[in-house]
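# Structural description and commentary
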Amino acid sequence: MIDRILERTFLLFLSSGFAKTNTDQIAKHIGISKRTLYKYYDTKDKLIDSVFELMRSKVQAKFDSVLLDKTRDPIERLKEILFFISDLGSKISKTFAKDIETVRPDLFDTMKEFRRQRILSLSDLLREGQKAGQIRKDITPELTIDILLAAVDGVLNPTYLFQSPYSNTTAFEAIVNIFLEGVQEKNQSA
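These figures come from a predicted structure and were not determined experimentally.

## Observations concerning the pattern of salt bridges
A complete count under the given rule lists 19 salt bridges for this structure. The salt bridge partner of Glu76 is Arg72, with a shortest N-O separation of 3.4 Å. Taking relative accessible area as the criterion, Arg72 reaches 24% and is therefore assigned partly exposed. For Asp87, the salt bridge identified is with Lys91, shortest N-O distance 3.1 Å. Judged by its relative accessible area of 39%, Asp87 is partly exposed.

## Overview of the UniProt feature "DNA-binding region" (unreviewed entry) in the chain
The feature "DNA-binding region" (unreviewed entry), as given by UniProt, occupies residues 22-41 in the numbering adopted here. Each end of residues 22-41 is marked by a C-alpha atom, and these two atoms are 13 Å apart; helix forms 75% of the span and strand 0%.

## Concerning the layout of surface pockets
The computed volume of the largest pocket comes to approximately 180 Å³. At the level of secondary structure, the elements contributing two or more residues to the lining of the largest pocket comprise helix H1 (2-16), helix H4 (44-68) and helix H5 (74-90). Among the residues forming the lining of the largest pocket, the class breakdown is five nonpolar, no polar and four charged. Volume-wise, the second largest pocket comes out at about 160 Å³. Lining the second largest pocket, in full, are Thr144, Ile147, Leu148, Ala151, Ala174, Ile175, Ile178, Phe179, Gly182 and Val183. Mapped by element, the contributors of at least two residues to the lining of the second largest pocket are helix H9 (141-155) and helix H11 (168-183).

Parameters and conventions
- Residues numbered from 1 in each chain as written.
- Predicted model: local features only at pLDDT ≥ 70, side-chain atom pairs only at ≥ 80, totals over all residues.
- Heavy atoms only, no water.
- Salt bridge = Lys/Arg side-chain N within 4 Å of Asp/Glu carboxyl O.
- Buried < 20%, exposed > 50% of the residue type's maximum accessible area, 1.4 Å probe, protein only.
- UniProt positions renumbered as here; feature names shortened; annotations may be inferred.
- Helix = DSSP H or I, 4+ residues; strand = E, 2+ residues; numbered from the N terminus.
- 1 Å grid on protein atoms, 1.4 Å probe; cavity = no way out; pocket = protein on both sides within 12 Å on 5 of 7 lines; lining within 4 Å.
- Points joined across faces, edges and corners; volume = space filled by probe spheres on them.
- Nonpolar A, V, L, I, M, F, W, Y, C, P; charged D, E, K, R; others polar.

The following block contains the structure:
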């Protein structure tokens, strides 16, 4: 039951935010009574914290499985992670982004640091790709990843999201495409 509550609440929060989403709406979205919801989570803040922990554990598991899979070449693994980041970012509504920054700045800071650490872990993958001849040897992996991180942070900035005429999907796809085009050796296809 807990997994169902967290999964469904996660999807609701991504699409609608959480500041104005009340427990009646959450219970209805999950398909349970409010009493059942309170049996597992007696406060909305505890539910929010658990939803964010679920999100972090899913992202960490994805990064770990892809980075450790040495049976696939580095560029395939890099693409998988970048498209995973793009897909997740495209699901974040502007309302959700604003809620996390203004209502729960503690979670905003935690998530930003978590995202930073996951993206920084890609520098080893770039070095591996350089050795395999798939990633340009004239780039510095750490600086290249810093540039990627700055782009992702810029797009996941609630101020940008509210002012931009572009959807999250369009912005993230552009980041991924530009990044891949920039780091791959010319004989590699994006």
